[in-house]
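Below are the chains, spelled out letter by letter.
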Amino acid sequence: PAPMRALVSFAALFLSVALVQLGSGALGPLDALSGAAAGFTTAEIGLLGSAHFAGFFLGCWLAPRMTGSAGHSRAFAVFAAAGAIGALGHPMWVDPLFWAGLRVLSGLAVAGAYTVIESWLQAKLVNANRGRVLGVYRVVDLVASIGAQAMIAVLPPMAYVSYNIVAMLCCLCLV
């Protein structure tokens, strides 16, 4: 009963994890397919992936500092907003360097959101339930990752609606 209560109390956080993963996990493949449809070279498409990980590195550095100074809730909101902005910018200007800048922003958002979520979890867990809760967290994360990949089958490349859906998922993680 006690471990079950702990899992239920983390349900909202787990839902946020799923929404972050659905949005961020769909963005990378969507960018690759959209870039190919827009006529980007393979090097330019590769730049998009590299830019994401440059942002991810930056997010890993920035998130603990932001969480320490602004708190978990505010830091998470900033990273979710950055992810939504990164997704919404794509249809505005189809250019590989502009998209690479957006991918830096989305990489920062993903790393920041996950760092905040995991910090939040670690702060609330006790040793008696740590393994079970973190196990459920990973299952939720991986199932949402699979769902994000499946979304690519129905999200048309280069479509405003596709990037809007990704941005909506980033926003919904705040609810």
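Now for a quick tour of the structure.

What counts and what doesn't
- Residues numbered from 1 in each chain as written.
- Predicted model: local features only at pLDDT ≥ 70, side-chain atom pairs only at ≥ 80, totals over all residues.
- Heavy atoms only, no water.
- Helix = DSSP H or I, 4+ residues; strand = E, 2+ residues; numbered from the N terminus.
- Rg over C-alpha atoms; globule rule 2.2 N^0.38 Å.
- Buried < 20%, exposed > 50% of the residue type's maximum accessible area, 1.4 Å probe, protein only.
- Areas by Shrake-Rupley, 256 points an atom, 1.4 Å probe, with all protein chains shown as cover.
- Lys, Arg positive; Asp, Glu negative; His and termini not counted.
- Charge placed at Lys NZ, Arg CZ, Asp CG, Glu CD.
- Disulfide = S-S within 2.5 Å.
- Expected span 1.5 Å × (residues − 1).
- Bend = angle between axes of the 7 residues up to and from the residue.
- Contact = heavy atoms within 4.5 Å.
- Core = buried A, V, L, I, M, F, W, Y, C linked by side-chain atoms within 4.5 Å.

1. Some thoughts on the overall build of the protein chain
Logical step 1: Along its length, the protein chain carries seven helices and zero strands.
Logical step 2: Reading the secondary structure of the protein chain in the N-to-C direction produces α-α-α-α-α-α-α.
Logical step 3: In terms of C-alpha radius of gyration, the protein chain reaches 17 Å, essentially the compact-globule figure of 16 Å for 175 residues.
Logical step 4: Expressed as lengths along the three principal axes of its C-alpha atoms, the size of the protein chain is roughly 55 × 35 × 25 Å.
Logical step 5: Residue burial in the protein chain is summarised as follows: out of 175 residues, 43% are buried.
Logical step 6: About 8,600 Å² of surface is accessible on the protein chain, with carbon and sulfur atoms providing 73% of the total.
Logical step 7: Separation between the mean location of the 8 positive side-chain charges and that of the 5 negative ones in the protein chain comes to 23 Å.

2. A word on the state of the cysteines
Logical step 1: The tally for this structure, following the rule as stated, stands at zero disulfides.
Logical step 2: Cys 60 forms no disulfide, and the closest cysteine sulfur to it belongs to Cys 170, at a distance of 17 Å.
Logical step 3: Among the cysteines around Cys 173, which has no disulfide bond, Cys 170 carries the closest sulfur, lying 6.3 Å off.
Logical step 4: Relative accessible area serves as the criterion here: at 3%, Cys 173 is assigned to the buried category.

3. Quick look at helix α3 (residues 42–70)
Logical step 1: An ideal rise of 1.5 Å per residue puts 42 Å on 29 residues; α3 measures up with 40 Å between its terminal C-alpha atoms.
Logical step 2: The sharpest bend along α3 reaches about 35° and sits at Leu 62, with the proline Pro 64 one to four residues further on.
Logical step 3: By the burial criterion, the buried members of α3 are Leu 48, Ala 51, His 52, Gly 55, Gly 59, Ala 63, Met 66 and Thr 67.
Logical step 4: Residues of α3 that are buried in the fold lie against α2 (11–37), α4 (72–88) and α5 (96–124).
Logical step 5: A positive phi of about 95° marks Gly 71, the residue just after α3.

4. Overview of the environment of Ser 50
Logical step 1: Position of Ser 50 relative to the elements: it lies in helix α3.
Logical step 2: Taking the C-alpha atoms as reference, Ser 50 lies 23 Å from Asn 164; in sequence the two are 114 residues apart.

5. Notes on the nonpolar core
One recurring pattern in soluble globular proteins is that nonpolar side chains are buried together.
Logical step 1: By size, the foremost hydrophobic cluster in this structure holds 48 residues, and its most contacted members are Phe 10, Ala 26, Phe 76, Phe 79, Ile 117, Leu 121 and Tyr 137.
Logical step 2: Put simply, the parts of the chain that give this core at least two residues each are α2, α3, α4, α5, α6 (130–151) and α7 (160–172).
Logical step 3: Counting residues per element, this core draws most heavily on α5, which supplies eleven residues.
Logical step 4: Not counting residues within four places of it along the chain, the set of residues in contact with Phe 76 comprises Ser 16, Val 20, Ala 113, Val 116, Ile 117, Trp 120, Cys 173 and Leu 174.

6. A short note on unusual backbone geometry
Logical step 1: Even without being a glycine, Met 158 presents a positive backbone phi close to 65°.
Logical step 2: Assignment of secondary structure puts Met 158 in the loop between α6 and α7.
Logical step 3: Overall, Met 158 belongs to the partly exposed group, its relative accessible area being 36%.

7. Thoughts on α4
In an α-helix there are 3.6 residues to a turn, and that puts residues three or four apart on one side.
Logical step 1: Taking 1.5 Å per residue as the helical rise, α4 with its 17 residues ought to reach 24 Å, and the 24 Å between its terminal C-alpha atoms agrees with that figure.
Logical step 2: Burial in α4 covers these residues: Ala 75, Phe 76, Phe 79, Ala 80, Ala 82, Gly 83, Ala 84, Gly 86 and Ala 87.
Logical step 3: In this structure, the buried residues of α4 make contact with α2, α3, α5 and α7.

Purely geometric numbers; function is a separate question.
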